[in-house]
Amino acid sequence: MGFSLGVVGLPNVGKSTLFNALSNAHAQAQNFPFCTIEPNVGVVAVPDERLDRLSALYETDSTVPTTIRFVDIAGLVRGASKGEGLGNQFLAHIREVDAVAHVVRCFTDPNVTHVEGRVDPVSDASTIQTELCLKDLESVTKRLERAVKQSKGGDPVERLAVGVCERLIPHLDKGLPVRAFEGLDEKETPIVEAMQLLTNKPMFYVANVDEASLADLAGNAHYQSILKLAETEATSVVPICAALEEQIAELDPADRPDFLESAGLSEPGLNQVVRTGYSLLGLITFLTAGKKECRAWTVKKGSTAPQAAGVIHTDFERGFIKAEVIWWEDLVKLGSEAKCREAGKLAIEGKDYVVRDGDVIHFRFNV
């Protein structure tokens, strides 16, 4: 299990260029709005040095990384909640993703038009958030109407829904996202989740800067402004030069390290985008390793050993007996499972064991 990340933003902020870099799917990227009419979808491998080192250790026949699904959602504009710019169609695609990467333009280029006629990432972010809040306001209002009718029969869930919606409406009307709404109890949370509200999705910003700014982010006023906004929203900003990332993606993998070094980068931007997404969604990766296959698996942080086993196969969870766990660095350092066992680095864990990011696990089960 990986996760799906929706890439949103105003037209010509670099969404499709970033998508091309991340997925290497070569979505159309033109200098005019709405060139992306259907959402482009790319499923790509998540880079993981731990998996690479384990594969080298075992000289494995097959290496299977975990994946991330990128959805390039076409440019939203002011009025999208009312259907402007085919907005209703595009807004619907956001419901299908786990998290949202909001791309904002933090560079000036007279050759690249801006739909609003100026470069102002904070204003751009506000435009998108306003449209999403308006769409959610419409959804919550409809839910309230239904709840009022159905609560007359005494349905306790619908009575709760009335109260929740009546509190959400003024919140959204102020242009505030649902994820910033406080005061929901454990009975009310499922009601909100069932509405699949757009602004309830975890979100972070991707600041598309020019190449020169990568070495001097403090000197980029546009980047600094979106950084301050993100701080007030308790979210993250990933600085990226989408045009440079696209060049990196087109290179032969063997040539990428030298190119990255020449550009003053230690890694492609994809790595940071993926890490931010994983952190935002509370995801971790555990590994299975052997001569036949080395593989990465994604689970929610806090998952127990049986739950992790169930990601591989439901029978593994149903018939779980125990888990043999080695920390990946110990395995690479000592060179084999046998040596880890001799050194006391292999632990036998039961049903209550909470999986760590980087655990190498062999499950024992019986069905």
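Computed from a prediction, not measured in an experiment: that's the story for all the values here.

> Residue-level account of the packing of aromatic side chains, with values.
For the structure shown, the criterion picks out five aromatic pairs. Relative to phenylalanine 363, the ring of phenylalanine 286 lies with its centre 6.0 Å away and its plane at 90°, an arrangement referred to as edge-to-face. Placement of the pair is phenylalanine 286 in strand β8 (residues 283-288) and phenylalanine 363 in strand β12 (residues 359-365), with a sequence separation of 77 residues. A relative accessible area of 0% places phenylalanine 286 in the buried class. Three or more aromatic residues joined by ring pairs form one cluster here, namely Phe286, Trp297, Phe320 and Phe363. In this arrangement the basic side chain of arginine 105 is found over the ring face of phenylalanine 107, its NZ or CZ atom lying 4.6 Å from the centre.

> Got a sec to walk through the confidence of the model for the chain? Specific residues and values, please.
When pLDDT is averaged along the chain, the result is 87, and 89% of the positions lie at 70 or above. Note on residues 30-37: pLDDT is under 50 here. Beyond four places in sequence and across chains, it has 22 contacts.

> Can you explain helix α11 (residues 305-312)? Please cite residues and give values.
Those residues of α11 lying buried are Ala305, Pro306, Ala308, Ala309 and Gly310. In this structure, the buried side of α11 is in contact with β8, β9 (294-300), α12 (314-318), β10 (320-327) and β12.

> Tell me about the sheet that holds strand β1 (residues 3-8), residues and numbers included.
Strands sit in the order β2-β4-β1-β5-β6-β7 across an open sheet of six strands; the sheet is mixed. Of all strands in the sheet, those with a lone pairing partner are β2 (40-45) and β7 (237-240), marking the two edges. The average undirected angle you get between the axes of adjacent strands in this sheet is 25°. Two strands pair when backbone bridges link them, and β2 and strand β4 (residues 67-72) are joined in this way by six bridges, in the antiparallel orientation. Each bridged residue has a counterpart across the sheet, and for glycine 42 the counterpart in β4 is phenylalanine 70.

> Explain the pattern of salt bridges to me, using residue names and the numbers behind them.
Summed over the entire model, instances satisfying the criterion amount to 13 salt bridges. Between glutamate 138 and lysine 142 there is a salt bridge, and its shortest N-O distance comes to 3.5 Å. One end of the pair is glutamate 138 and the other is lysine 142, both in helix α4 (residues 121-151) and four residues apart, which spans about a single turn. Residue aspartate 315 pairs with arginine 318 through a salt bridge whose shortest N-O separation is 2.6 Å. Taken together, the positions of aspartate 315 and arginine 318, both in helix α12 and three residues apart, correspond to about one turn of that helix. Overall, arginine 318 belongs to the exposed group, its relative accessible area being 63%. Three or more residues joined by partner-sharing salt bridges are found here, namely Asp48, Arg50 and Asp357.

> So, the pairing of β10: which residues are in play, and what are the values?
Alignment of β10 against β12, held across seven bridges, turns out to be antiparallel. Its bridge partner being in β12, valine 325 is matched across the sheet by isoleucine 361. Here β10 runs beside strand β11 (residues 346-349); their pairing, made up of four bridges, is antiparallel. Paired with isoleucine 326 across the two strands is leucine 346, which belongs to β11.

Analysis parameters
Within any chain, residue numbers begin from 1 and follow the written order of that chain's sequence. Local features in this predicted model are restricted to residues whose pLDDT is 70 or higher, and side-chain atom pairs enter the listing and the counts only when it is 80 or higher, whereas totals over whole chains, interfaces and linings include all residues. Side-chain metrics in this entry use all non-hydrogen atoms of the structure; hydrogen atoms and water are not considered. To pair, rings of Phe, Tyr and Trp, with the six-membered ring standing in for Trp, must have centres within 6.5 Å; the planes then decide the type, stacked if under 30 degrees apart, edge-to-face if over 60, and tilted in the middle. Counting from the N terminus, the helices are DSSP H or I runs at least four residues long and the strands are E runs at least two residues long. Exposure is judged per residue with a 1.4 Å probe applied to protein chains only, and the accessible area is read against the type maximum: over 50% gives exposed, under 20% gives buried, and values in between give partly exposed. Cation placement over rings: the criterion is NZ of Lys or CZ of Arg within 6 Å of the ring centroid and within 35° of the ring normal. Think of pLDDT as the predictor's per-residue confidence, scored from 0 to 100. Note on definitions: a residue-residue contact is assigned when non-hydrogen atoms from the two residues lie within 4.5 Å. The rule for pairing is simple: two strands pair if DSSP sees at least two bridges between them. Only the stretch in contact is used when a helix axis is fitted, and all axes are lines through C-alpha atoms; the angle between N-to-C directions ranges over 0 to 180 degrees. Basic side-chain nitrogens of Lys or Arg form a salt bridge, by our definition, when they fall within 4 Å of a carboxyl oxygen of Asp or Glu.

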